[in-house]
Amino acid sequence: MCLLFLPAFLTRTSRAGGGAVLRARAEPDEPVGAQARRGGPRREHHRRVAREPRPVGARGRRPPVQLHRALGDVNGIAALVRSAHPSWSPAMVRSAIMTTADVTDRRGKPIMDGDGGRSDVFAMGAGHVNPARAVDPGLVYDIQPADYVTHLCTLGYTHMEIFKITHAGVNCSAVLQQNRGFTLNYPSITVVVKNRATTAVLWRTVTNVGTPNSTYTAQVATPPGVKVTVAPTTLAFVEFGEQRSFQVTIVAPASPPVGQDSAEGYLVWKQIGGQGKHVVRSPIAVTWTVE
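We now turn to the structure provided with this report. (Residues numbered from 1 in each chain as written. Predicted model: local features only at pLDDT ≥ 70, side-chain atom pairs only at ≥ 80, totals over all residues. Heavy atoms only, no water.)

Spatially, the five strands line up as an open sheet ordered 6-13-12-8-10, and their pairing is mixed. Two strands lie at the open edges of the sheet, namely strand 6 (189-194) and strand 10 (234-237), each paired on one side alone. With strand direction ignored, the average angle separating the axes of adjacent strands in the sheet is 20°. Two elements, strand 12 (residues 262-272) and strand 13 (residues 279-289), share nine bridges in a ladder whose sense is antiparallel. (Pairing = 2+ DSSP bridges. Helix = DSSP H or I, 4+ residues; strand = E, 2+ residues; numbered from the N terminus. Axes fitted to C-alpha atoms, helices over the stretch in contact; angles between N-to-C directions.)

The two faces of the sheet receive side chains in turn, since in a regular strand these alternate between them. Across ten bridges, the pairing between strand 7 (residues 198-208) and strand 11 (residues 243-252) is antiparallel. Bridge pairing in strand 11 places Val206 opposite Arg244. Relative to strand 11, strand 9 (residues 227-231) runs antiparallel, the two sharing five bridges. Its bridge partner being in strand 11, Thr229 is matched across the sheet by Thr249.

One open sheet accounts for four strands, arranged 5-7-11-9; its pairing is antiparallel. Looking at the sheet topology across the chains shown, the edges are occupied by strand 5 (139-140) and strand 9.

Glancing now at the side chain of Ser282. As for its placement among the helices and strands, Ser282 is situated in strand 13. A residue is classified by how much of its surface remains accessible, and Ser282, at 2% relative accessible area, is buried. Of the polar contacts made by the side chain of Ser282, one reaches the backbone oxygen of Pro187; its length is 2.8 Å. Once residues lying within four places of it in the same chain are set aside, the contact partners of Ser282 are Thr99, Tyr141, Pro187, Ser188, Tyr266 and Leu267. (Buried < 20%, exposed > 50% of the residue type's maximum accessible area, 1.4 Å probe, protein only. Polar contact = N/O pair within 3.5 Å; in protein donor to acceptor, adjacent residues only side chain to side chain. Contact = heavy atoms within 4.5 Å.)

A few words now on the nonpolar core. If you look at the biggest cluster of nonpolar residues, it comprises 25 residues, and the most contacted ones within it are Phe246, Val248, Ile250 and Trp269. Among the elements of the structure, strand 6, strand 7, strand 9, strand 10, strand 11, strand 12 and strand 13 are those that each provide at least two residues to this core. When neighbours within four sequence positions are excluded, Ile250 is seen to be in contact with Ile189, Val191, Thr198, Thr199, Ala200, Leu202, Val226, Lys227, Val228, Ile284 and Val286. By size, the runner-up hydrophobic cluster in this structure holds eleven residues, among which are Trp88, Met92, Val93 and Ala96. (Core = buried A, V, L, I, M, F, W, Y, C linked by side-chain atoms within 4.5 Å.)

Right, here's the structure in full:
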């Protein structure tokens, strides 16, 4: 298995028990507020939108050969999911892989980082890929191409910066006017706190790709010192392909837990009833920064 954190630059290391571990630098999923100020986390988002990894290193050196092997692992699993679901968008495939990943190793123990310590969400991302579960995720978070453009606008990208990525002219003022309260429908949640107590309200929409007449309930492991609420706490689906939206509210204090600069938890949608085999997990991370 391999450790999944798709939106960042990946490197490959070995882990106890065999298998590939993909490690990555973390990036914020959601800035605080409708728009991030210039100089904030928005540059990190470019890596997610661009999707394709580029050579990174001193003086433009090529990435190590292990990177290509690690990308091959994930690409192969993505191809497996896509072959089972040819009509799925790339975002649905990514969601299926991320939300079904394992957060323990093959022995049921915590995933360790390269230094021998317990991995946090920024080191292990969504977890170890589980191909068998990825082809049957139950629910997925889909993203349309236009959503990425709206996301760039909320992050404060200029007209020329967006043009370099999309090769299309975009009027962000009009886009933001039409999409008030927009948040990218990503399968993980990250909030950045800057110097003051913060309340972030995020929206997510899931699509039922599992069984009809199914119900899911929300379970939240709250990051230490942070309050997380989900509404509604139950999602009921009558048909295959049906969508349901929910709101996540994160209230974070101005200061992080003692000795930390971040806190992590997760949101799980668990299927209940006679067909209750699906568990859809999204990491939650709150990071405190000082400007």
